[in-house]
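Fold and contact review
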Amino acid sequence: MKFAYRFSNLLGTVYRRGNLHFTPDGNCVISPVGNRVTVFDLKNNKSETLPLATRHNITCVGLSPDGSLAILVDEEGAALLVSLIGKSVIHQFHFQKPVHCVCFSPDGRKFVITKDNVALMYHAPGKKREFNAFVLDKTYYGPYDETTCIDWTDDSKCFAVGSKDMSTWVFGAERWVNLIYYSLGGHKDAIVACFFEENSLDLYTISQDGALCVWRCDTDLDGLKPRPPKDRAEDKNESIKNLGEEFIEEPKGEEIHGKATTNEKERREKVKYSRAAKYFFNKEGDFNNLTSAAYHKKTHLLVTGYASGIFHLHELPEFNLIHSLSISDQRIATISINSTGDWIAFGCSGLGQLLVWEWQSESYVLKQQGHFNSMVSLAYSPDGQYLVTGGDDGKVKVWNTSSSFCFVTFTEHTSSISAVTFTSTSYVILSASLDGTVRAFDLHRYRNFRTFTSPRPAQFSCLAVDSSGEIISAGSQDSFDIFVWSMQSGRLLDVLSGHEGPISSLCFNPMKSILASASWDKTVRLWDMFDSWRTKETLTLNSDVLVVAFRPDGNELAVAALDGQITFWDHENAVQTGSIEGRHDLQMGRKELDKITAKQSAKAKSFTTLCYSADGQSILAGGLSKFVCIYHVKEQILMKKFEISCNLSLDAMEEYLDRRKMTEFGSMALIDDGAGDEDGVAIALPGVKRGDMSSRHFKPEIRVTCLRFSPTGRSWAATTTEGLLIYSLDSGLIFDPFELDIDITPSSVRKVLSQKEYTMAIVMAFRLNEKKLIQEVIETVPCNEVDVVSSSLPELYVEKVLEFLASAFETSHHLEFYLTWAQRLLILHGQKLKTRSGKLLPMIQFLQKSIQRHFEDVSKLCEWNRYNIKYALAISQQRGMKRPAETSESEEELEDSNSDYLMEEASVHS
């Protein structure tokens, strides 16, 4: 149970590539984030990443009309059929080639995918019980180049497909007599989007050069004539003929081959299209490529996005410009409109932006952006409510752990952030950067109120703040010094010299005034703050020291070195108490450009980040690998390994390179066709962290840059190439009884409860340890009995009840009832709990976080209501009173004092 952490959410990355979708109710946006999918709930201001992943980055998402199913297709053409209700994978399928677009029919019975120059229509899964979820119905040929977009008519009778060969094809979903296929031209560039008009075969086509063609059809949807069925005899003969073939290969469905030119005989009595108008978006001379478009059929609203980050809103068919706005300096990759037509979602893949714009009020509903480059560091606030991250883009972002949204971004730093941390008050954030500054940010006013610098310019590589929040220290990677400042005055207090290499890590003892500093000179130095910053001890190791961490109780020091070892020290006596050889647990992958195997390269790898759990019994370690390890400190054994990603679009994911990519000369990635007589692909220099950013195809490497446990002990977070991953305890799925007896069953617990033996019932419920049963028992206890039951609870179960209350506060509406329970338990058992404060600290912090969140919500509401009631009472007192035209000053003063008295009285009553 202790290590049953599961992936719960992905923060820091809101959009990568692919298409956005609104759910049918229009309240949620579904956004592909790398190889995962995140659902943003715009009404409740929450986001959730589904606990499933594809093998490569997702390129297109298809959503069923009822919003219950989604098809996710990755770069290689592998598809997942996902239930958005159960949040699980139902079926897997491979289309063998990259897919450009997926679209369900409005009736939900079919879906079409486009790959290469072909459109494939499948029977949609979920309408009936089937063994195979993806059954091919028809294959449509026609375009000469890659297909780009799909749109259906409202009654699902026909669909249109746009292509890079500048043509648009209209196909019948059934074999209609007067419409099998129809080809439309009229453009000079690739088709970006095509849209049918509502309840009509009229069509709009939009090309990349900013041209819009309006096509009118001479036939209504009701005018499509169904093709008569074939004779039964013919069918029987065909089925006998095909009987032998079915055993050999799977039936491929019907094939429809379209021709761009048809003879006069074929044109008669067929549907005809004529171009009614042609409009151009770039008349003002600000020419740039049109990259995406969306159309809302009911309101006739057309939204177009451009490579320069501008979008236009037009009303069709008159082509009236409603407004235009620049929302980014990168290309708009995808646009989606919700069912009511009020909200428009934009995705910009260059910067990873996701915006939801309400066009009528011209305001943002959602505006989120992740770190442009990779995240480097993170820190939890002491109450576990907030997370702060620092990135290579020089930005410091603060995230709310309950809503998963970023609510403030600080951009004062001019270079990469190297470390971030919270002070003990939870309202001050400190960040160190390679620009030579340490900055303090205030979460009340959202401003940078202190900037700490060194006498000579220095690049700060690490940061630490003491438990009081008064002393700040930062280590330099070029001058080998440690700088110490006062938070109160902002003055430089001291410069600690002694290390002979770059400072790699700093950490203050949580209980004592001791600073531990790790350096590449193979030493860890302990500095005593109260003894004029003298070196108290120097711990010598066998290799360069990369990271150092104190246990929460301050009695143990963990050190990770370049040789892959984690060593534990009793820093009071300078004695090593244990070590873990963790290099083999990292399990390095082989990069595409590596000339040596993963096993050989792993010999030079090590852990780069360490973090103790909230109770100090285990330690979390990660490095340049896709694995995060949890070790038991006392036993010095590996408890569990977490694979943080299975995304093969990242480099160094697999231990062995794919044999299909290997030639007799080595990996195909090392052979550059266009290199000519030169040396081929440039090999990355040793120590380069992010690869060659100037190369045309850049593949980011999987790595874990920072790990932190939540103070509540219920979750931990990791900054990785994928983003900010959060793993939390999922207690709902695990049966974990405590001192279980054969007589303890849910029925026996309810029987004891009906006899009003509340203490006995609570003890039995906790021994069975089922959350719903515990909730039922505790909520059955009358309010006037809480005091008696609390006093008679055994000491062992007080802790368990408090932990249950902390988790119940997050979901329950019985706020006063649970607060009464918490208050009585803490008053009656406070002294006994205090003796075990070290062990109980995570649980108490979890309880404090839950209560603090409710306090902030309720206090805002009460404050608002209080002033509203005051105002309403003052107005009611004034109603019906006739004031004379001229009143003396004394009367005015008397009236003012009366109204003040009434307002005070109202506030007392409220």
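The notes below deal with the structure included here. Only a predicted model underlies this, so the values are computations on that prediction, with no experimental measurement involved.

A word on the overall build of the protein chain
When its secondary structure is counted, the protein chain shows 12 helices and 59 strands. Taken as a whole, the protein chain presents about 44,400 Å² of accessible surface, with 50% of it coming from carbon and sulfur.

Side note on the packing of aromatic side chains
Throughout the structure, instances matching the rule amount to 41 aromatic pairs. A centroid spacing of 5.9 Å and a plane angle of 75° characterise the contact between Tyr-5 and Phe-709, whose relative ring orientation is edge-to-face. Of this pair, Tyr-5 sits in strand 1 (residues 5-11) while Phe-709 sits in strand 57 (residues 704-709), and the two are 704 residues apart along the sequence. Centre to centre, the rings of Phe-804 and Tyr-818 are 6.4 Å apart; their planes meet at 70°, and the pair counts as edge-to-face. Highlighted residues: Phe-804 in helix 9 (residues 795-808) and Tyr-818 in helix 10 (residues 815-835), separated in sequence by 14 residues. Of the residues examined, Phe-804 reaches a relative accessible area of 6% and is grouped as buried. Judged by its relative accessible area of 0%, Tyr-818 falls in the buried class. Put simply, the rings of Phe-93, Phe-95, Phe-104, Phe-111, Tyr-122 and Phe-134 pair up and form one aromatic cluster.

Points about the environment of Gly-77
In this structure, Gly-77 sits in the loop between strand 7 (69-74) and strand 8 (78-83). For Gly-77, a relative accessible area of 0% puts it in the buried group. Along the chain, Gly-77 and Gln-96 lie 19 residues apart, while their C-alpha atoms are 5.6 Å from each other. Those residues in contact with Gly-77, other than ones at most four positions away along the chain, are Phe-93, His-94, Phe-95, Gln-96, Lys-97 and Pro-98.

A closer look at the packing of helix 5 (residues 746-754) against helix 7 (residues 771-780)
Packed helices, taken two at a time, are described by their axes: the angle between them and the distance between them. With their axes 11 Å apart at the nearest point, helix 5 and helix 7 run at an angle of 5° to one another. In terms of axis orientation, helix 5 runs roughly parallel to helix 7. The segment helix 5 lies against helix 7, with Pro-746, Val-749, Arg-750 and Leu-753 engaging Leu-773, Glu-776, Val-777 and Thr-780. Taken together, the residues of the contact of helix 5 with helix 7 break down into 5 nonpolar, 1 polar and 2 charged.

Digging into the sheet that holds strand 14 (residues 147-152)
Sheet strands pair by backbone hydrogen bonding; their relative direction is either parallel or antiparallel. Read across the sheet, 4 strands follow the order 14-15-16-17 without closing on themselves; strand pairing throughout is antiparallel. The open sheet is flanked by strand 14 and strand 17 (181-184), the only strands paired with a single partner. When strand polarity is set aside, the average angle formed by the axes of neighbouring strands in this sheet is 20°. Pairing of strand 16 (residues 168-172) with strand 17 involves 4 bridges; the strand directions are antiparallel. The residue bridging Thr-168 from the neighbouring strand is Leu-184, located in strand 17.

Describing the pairing of strand 41 (residues 482-486)
In terms of burial, strand 41 is largely enclosed, as 5 of its 5 residues are buried. Residues Ile-482, Val-484 and Ser-486 line one face of strand 41 and the alternating positions Phe-483 and Trp-485 line the opposite face, and both faces are buried. Bridge count for strand 40 (residues 471-476) against strand 41 is 5 bridges, and the pairing is antiparallel. Within strand 41, the position partnered with Ile-472 by the bridge is Trp-485. Between strand 40 and strand 41, which pair antiparallel in sequence order, lie 5 residues; one of them, Phe-480, sits at a positive phi of approximately 65°. As paired strands, strand 41 and strand 42 (residues 492-496) are joined by 4 bridges and run antiparallel to one another. Across the sheet, residue Phe-483 finds its bridge partner in strand 42, namely Val-495. With antiparallel pairing between neighbouring strands as the criterion, strand 41 and strand 42 make up a hairpin whose turn holds 5 residues, including Gly-490 at a positive phi of roughly 80°.

What about unusual backbone geometry?
Of note, the amide linkage connecting Leu-316 to Pro-317 takes the cis form, showing an omega dihedral of 0°. Positionally, Pro-317 belongs in the loop between strand 25 (310-315) and strand 26 (320-326). Unusually for a residue other than glycine, Ser-426 sits at a positive phi of about 75°. Taking relative accessible area as the criterion, Ser-426 reaches 7% and is therefore assigned buried. Even without being glycine, Phe-480 reaches a positive phi, approximately 65°. Inspection of the secondary structure puts Phe-480 in the loop between strand 40 and strand 41. Classification of Phe-480 as partly exposed rests on a relative accessible area of 29%.

Calculation notes
Residues numbered from 1 in each chain as written. Predicted model: local features only at pLDDT ≥ 70, side-chain atom pairs only at ≥ 80, totals over all residues. Heavy atoms only, no water. Helix = DSSP H or I, 4+ residues; strand = E, 2+ residues; numbered from the N terminus. Areas by Shrake-Rupley, 256 points an atom, 1.4 Å probe, with all protein chains shown as cover. Phe/Tyr/Trp six-rings, centres within 6.5 Å; stacked < 30°, edge-to-face > 60°. Buried < 20%, exposed > 50% of the residue type's maximum accessible area, 1.4 Å probe, protein only. Contact = heavy atoms within 4.5 Å. Axes fitted to C-alpha atoms, helices over the stretch in contact; angles between N-to-C directions. Parallel < 35°, antiparallel > 145°, perpendicular 65-115°, else oblique. Nonpolar A, V, L, I, M, F, W, Y, C, P; charged D, E, K, R; others polar. Pairing = 2+ DSSP bridges.

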